[in-house]
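One-letter residues, chain by chain:
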Amino acid sequence: MKAPAEFNVFNCSLDGINLIEASAGTGKTWNICGLYLRLLLELGIEVQQILVVTFTNAATAELRERTRSRIVETLAWLRDSDQGTPSGDPFIEDLVQAVERRTKKTRGELTLSLDKALQYFDEAAIFTIH
């Protein structure tokens with residue numbers, strides 16, 4: 001039996017349904033945040049159109065907070081890059097580079113998408129099945 005390919009959040013397809021399941025501490029939340037931002041930036045999907053479901057109230061709260069934080073951090077990075085001084089988490093630079101490779105969107109357009117996502121983040125569908 002062939003082992004499944006290693007998941008790469010920056011290169012995986014955004015078509016269809018993505019199921020991420022793994023043991024605790026293996027990067028599920030990190031990957032879900034990456035997929036969430038790619039949906040916002042690459043496909044222009046709005047936060048109200050993305051459904052994320054996890055298994056406990058605590059996991060839901062953490063996922064909601066970390067996703068919002070990623071949006072804020074990426075938005076700050078994009079604004080700093082306009083001034084030529086981006087710094088911080090390499091995740092963000094990798095994410096922006098991956099989005100730029102696949103789309104023709106400018107950093108200004110990416111900034112607008114994340115600004116809008118942040119404005120409507122209270123409407124984000126991040127829920128628990130608990």
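Residues numbered from 1 in each chain as written. Predicted model: local features only at pLDDT ≥ 70, side-chain atom pairs only at ≥ 80, totals over all residues. Heavy atoms only, no water.

## Considering the nonpolar core
Okay, so step 1: By size, the foremost hydrophobic cluster in this structure holds 31 residues, and its most contacted members are Tyr36, Leu40 and Ile71.
Okay, so step 2: For this core, the secondary structure elements donating two or more residues are α1 (28–42), α2 (57–82), α3 (90–102) and α4 (107–119).
Okay, so step 3: If one sorts the elements of this core by residue count, α1 sits on top with seven residues.
Okay, so step 4: Setting aside residues no more than four positions away along its own chain, Ile71 makes contact with Tyr36, Leu37, Leu40, Leu114, Ala117, Leu118 and Phe121. (Core = buried A, V, L, I, M, F, W, Y, C linked by side-chain atoms within 4.5 Å. Buried < 20%, exposed > 50% of the residue type's maximum accessible area, 1.4 Å probe, protein only. Helix = DSSP H or I, 4+ residues; strand = E, 2+ residues; numbered from the N terminus. Contact = heavy atoms within 4.5 Å.)

## Let's talk about the packing of aromatic side chains
Okay, so step 1: Taken as a whole and judged by the stated rule, the model has four aromatic pairs.
Okay, so step 2: Each ring, one from Phe10 and one from Phe91, has its centre 5.7 Å from the other, and the planes form 50 degrees; the classification is tilted. Pair noted here: Phe10 is in the segment before α1 and Phe91 is in helix α3, with a separation of 81 residues, a long-range link.
Okay, so step 3: Overall, the relative accessible area of 12% leaves Phe10 in the buried class.
Okay, so step 4: What makes Phe91 buried here is its relative accessible area of 2%.
Okay, so step 5: Ring geometry for Tyr36 against Phe121: centres 6.4 Å apart, planes inclined by 70 degrees, an arrangement best described as edge-to-face. Of the two residues, Tyr36 is situated in helix α1 and Phe121 in the loop between α4 and β2 (125–128); the sequence distance between them amounts to 85 residues.
Okay, so step 6: Relative accessible area serves as the criterion here: at 2%, Phe121 is assigned to the buried category.
Okay, so step 7: Among the aromatic residues, those joined into a cluster by ring pairs are Phe10, Trp30 and Phe91.
Okay, so step 8: When the ring centre of Phe91 is taken as reference, the NZ or CZ atom of Arg70 above it lies at 3.8 Å. (Phe/Tyr/Trp six-rings, centres within 6.5 Å; stacked < 30°, edge-to-face > 60°. Lys NZ or Arg CZ within 6 Å of the ring centre and 35° of its normal.)

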